[in-house]
Amino acid sequence: GQVVLVGPPNSGKSSLVARLTNARVSVGPAPYTTRRPTPGMMEYMGVKLQVVDTPPLLNPDGSVNSRVVALARNADAVAVVVGLDSEDPAGDLRAALGALEERGIAYSLEKGFVRVERRRDGGVVLLARGRPRFTEAQLKELLSTYRVYHALVEAYGPATLDDVEAALLSARVYKPTFVVFSKADVPGAEQRAREASGALPRDVPWVLASSLTGTGLASVGAVAYRLLGVK
């Protein structure tokens, strides 16, 4: 599987990749040191996982880096890296997750997500993997307005009809996501991580890690392994 690391500048992505893999990455104190994606191989439980370092998710002008988003869309899982030496780790996390959502990447099924697979026959079949906020009759009525009469619809969490429309009209995808709070060696790191993670959905796990001391690095592989569903 492939795990793409995304996050703000100076969050510690490159240092993590350097410690976790055999990749030769550019590590420096200046923001935007990483200018191109750099992959490396990490082994966990006898399974090799590719971990990709990326440039910052947000450009200096505040716009979203489309190249990083493309990498995340094609990955098997996404790790959002937030440095605990930041003045506002919670704000950094919200900005990164918001940028992913803005560009059509759903990071949590608990928040509601719909996948629509159009078919040639069989009618409309609803597979509710949660508690959707619509009935099968309402679903069929909505799909008929788009001239979709045969489809398998998977609805996760408290999905709404808006989620159905988003699935029909855009290339929205779901990527298993976890958060790495890096630089766990800074004073008060655990408390800062807990405060920043307070608003995360239950299906978005987080780990505390330090590239300097090695604390928590094993947890990164363990969480990635579990989210990827490696057999």
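Residues numbered from 1 in each chain as written. Predicted model: local features only at pLDDT ≥ 70, side-chain atom pairs only at ≥ 80, totals over all residues. Heavy atoms only, no water.

### Things to note about the nonpolar core
So, step 1. Counting residues in each nonpolar core, the largest one holds 28 residues, and the members touching the most others are V6, L57, V80, L93, L100, V179 and F181.
So, step 2. Going through the elements one at a time, β1 (2-6), α2 (66-74), β4 (77-83), α3 (89-102), β10 (177-182) and α6 (189-196) are the ones with two or more residues in this core.
So, step 3. No other element matches α3, which puts five residues into this core.
So, step 4. Setting aside anything within four residues of it in sequence, one finds F181 in contact with V82, L84, L93, A193, A196, S197, W206, V207, L208 and A209.
So, step 5. Judged by nonpolar contacts, the second largest core, of 20 residues, contains L16, A79, A209 and A224. (Core = buried A, V, L, I, M, F, W, Y, C linked by side-chain atoms within 4.5 Å. Buried < 20%, exposed > 50% of the residue type's maximum accessible area, 1.4 Å probe, protein only. Helix = DSSP H or I, 4+ residues; strand = E, 2+ residues; numbered from the N terminus. Contact = heavy atoms within 4.5 Å.)

### Considering the pattern of salt bridges
So, step 1. The final tally for this structure, using the stated rule, is nine salt bridges.
So, step 2. A salt bridge links E101 to K111; its shortest N-O distance comes to 3.1 Å. Of this pair, E101 sits in helix α3 while K111 sits in the loop between β5 (105-106) and β6 (113-118), placing them ten residues apart in sequence.
So, step 3. Judged by relative accessible area, which is 40%, K111 ranks as partly exposed. (Salt bridge = Lys/Arg side-chain N within 4 Å of Asp/Glu carboxyl O.)

### Points about helix α1 (residues 13-20)
So, step 1. Looking only at α1, the buried set comprises K13, S14, L16, V17 and L20. Down the axis of α1, the sector holding all buried residues measures 160 degrees, keeping them to one side.
So, step 2. The inward-facing, buried residues of α1 contact β1, β2 (38-44), β3 (47-53), β4, β10 and α7 (217-228). (Arc of directions from axis to C-beta.)

### Considerations on the sheet that holds strand β11 (residues 206-208)
So, step 1. Strand order in the open sheet formed by six strands is β2-β3-β1-β4-β10-β11, with mixed pairing between adjacent strands. Sheet topology places β2 and β11 at the edges, where each strand pairs with a single neighbour. Direction aside, the axes of adjacent strands within the sheet are offset by 25 degrees on average.
So, step 2. In terms of strand pairing, β4 meets β10 through six bridges, oriented parallel. (Pairing = 2+ DSSP bridges. Axes fitted to C-alpha atoms, helices over the stretch in contact; angles between N-to-C directions.)

### Thoughts on the environment of R19
So, step 1. With respect to the helices, strands and loops of the structure, R19 is situated in helix α1.
So, step 2. Sequence-wise, R19 and L217 are 198 residues apart; in three dimensions their C-alpha atoms are separated by 8.2 Å.
So, step 3. If we skip the residues at most four places from it in the chain, R19 touches S211, L212, G214 and L217.

### Details of the pairing of β4
So, step 1. Buried residues dominate β4, accounting for seven of its seven residues.
So, step 2. Pairing geometry for β1 and β4, over four bridges, is parallel. Across the sheet, the residue bridging to L5 is A79, located in β4.

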